Amino acid sequence: VNTYPYIQDRVNYFTRLRKCLKPGGLLMIVDFKKRNLPIGPDKELKVAITSVEDELAQAGYARMVSDDYSLAYQYIVKAYKD
């Protein structure tokens, strides 16, 4: 939780991680929304949900469910290994 911006070479990292998941395995990303919020890091240090989705797609995750509404300050992206 709240570590996505700090991962180096994310597409490569999540590609390697995907290989370790069983078929149907779930990866869940929870991180701060990229807007001015009363908590969390500065906006420049946040990653937009669309960028997370794009990077995970590049890493081979074809099935994703994104939720930008359930949490006030964070989004949730669930990515599955098919």
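These numbers come from a predicted model, not from an experiment.

Undergrad: Would you mind going over the nonpolar core with me for this structure?
TA: Burial of nonpolar side chains together is a common tendency in soluble globular proteins. Counting 14 residues, the largest nonpolar core has Phe14, Ile29, Val52, Leu56 and Tyr61 as the members making the most contacts within it. Only β1 (26-32), α2 (49-58) and β3 (74-80) provide two or more residues apiece to this core. Leaving out residues up to four positions away in the same chain, phenylalanine 14 has contacts with Tyr4, Ile7, Leu27, Ile29, Leu56, Ala59 and Tyr61.

Undergrad: How should I be thinking about unusual backbone geometry in this particular structure?
TA: Positive phi, normally seen in glycine, also occurs at asparagine 2, with a value near 60°. If you trace the backbone, asparagine 2 turns up in the segment before α1 (10-20). For aspartate 9, which is not glycine, the phi dihedral falls at a positive 45°. Assignment of secondary structure puts aspartate 9 in the segment before α1.

Rules and cut-offs
- Residues numbered from 1 in each chain as written.
- Predicted model: local features only at pLDDT ≥ 70, side-chain atom pairs only at ≥ 80, totals over all residues.
- Heavy atoms only, no water.
- Core = buried A, V, L, I, M, F, W, Y, C linked by side-chain atoms within 4.5 Å.
- Buried < 20%, exposed > 50% of the residue type's maximum accessible area, 1.4 Å probe, protein only.
- Helix = DSSP H or I, 4+ residues; strand = E, 2+ residues; numbered from the N terminus.
- Contact = heavy atoms within 4.5 Å.

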